[in-house]
Amino acid sequence: QVQLVESGGGLVQAGGSLRLSCAASGRTFGSYAMGWFRQAPGKEREFVASISYSGITTRYADSVKGRFTISRDNTKNTVYLRMNSLKPEDTAVYYCAGSPAGFSGSSRSQYNYWGQGTQVTVSS
């Protein structure tokens, strides 16, 4: 019974930055591992980043490592994705996902709850 709502997407030029937010319902958010995925037109949804329920452990796709940062604020039931040095290849719909079992790997099958997504477009 978890609802996830993404926000913060938009249009930016290459080299710019955006911060995405994902607001979760319920007071059990603090026990969920969370992840960010993205899907470009004609492509399969791919892993971007994940964070453990405590916020101590993070994982990143090689394509975004060093540019993106995932974080969470459990007091606000919110997970964030700071995206710096954006490239046109980052253009996609970005989705947040929750794993009540605590898994925070790169596979979509490890996440049970998904938001509706927010569009990120990077122009060249």
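Only a predicted model underlies this, so the values are computations on that prediction, with no experimental measurement involved.

Draft legend 1. Seen up close, the sheet that holds strand β3 (residues 18–24). Read from one edge to the other, the open sheet built from four strands follows the order β1-β3-β8-β7, with strand pairing classed as antiparallel. Every interior strand has two partners, whereas the edge strands, β1 (4–7) and β7 (68–73), have only one. Strand after strand, the sheet turns through a mean of 15° between neighbouring axes, direction not considered.

Draft legend 2. Quick peek at the pattern of salt bridges. The full count for this structure, using the stated rule, is five salt bridges. Here Glu 46 ties to Arg 38 by a salt bridge, and the two come within 2.8 Å at their closest N and O atoms. When its relative accessible area of 36% is taken as the criterion, Glu 46 is described as partly exposed. Its relative accessible area of 6% is what places Arg 38 among the buried residues. When the shortest N-O distance is used, the salt bridge between Arg 67 and Asp 90 registers 2.8 Å. Remark: Asp 90 occurs in the loop between β8 (78–83) and β9 (92–99) and Arg 67 occurs in the loop between β6 (58–60) and β7; sequence separation between them is 23 residues. Classification of Asp 90 by relative accessible area gives buried; the value is 2%. The network of salt bridges with shared partners includes Arg 38, Glu 46, Arg 67 and Asp 90.

Conventions and cut-offs
- Residues numbered from 1 in each chain as written.
- Predicted model: local features only at pLDDT ≥ 70, side-chain atom pairs only at ≥ 80, totals over all residues.
- Heavy atoms only, no water.
- Pairing = 2+ DSSP bridges.
- Helix = DSSP H or I, 4+ residues; strand = E, 2+ residues; numbered from the N terminus.
- Axes fitted to C-alpha atoms, helices over the stretch in contact; angles between N-to-C directions.
- Salt bridge = Lys/Arg side-chain N within 4 Å of Asp/Glu carboxyl O.
- Buried < 20%, exposed > 50% of the residue type's maximum accessible area, 1.4 Å probe, protein only.

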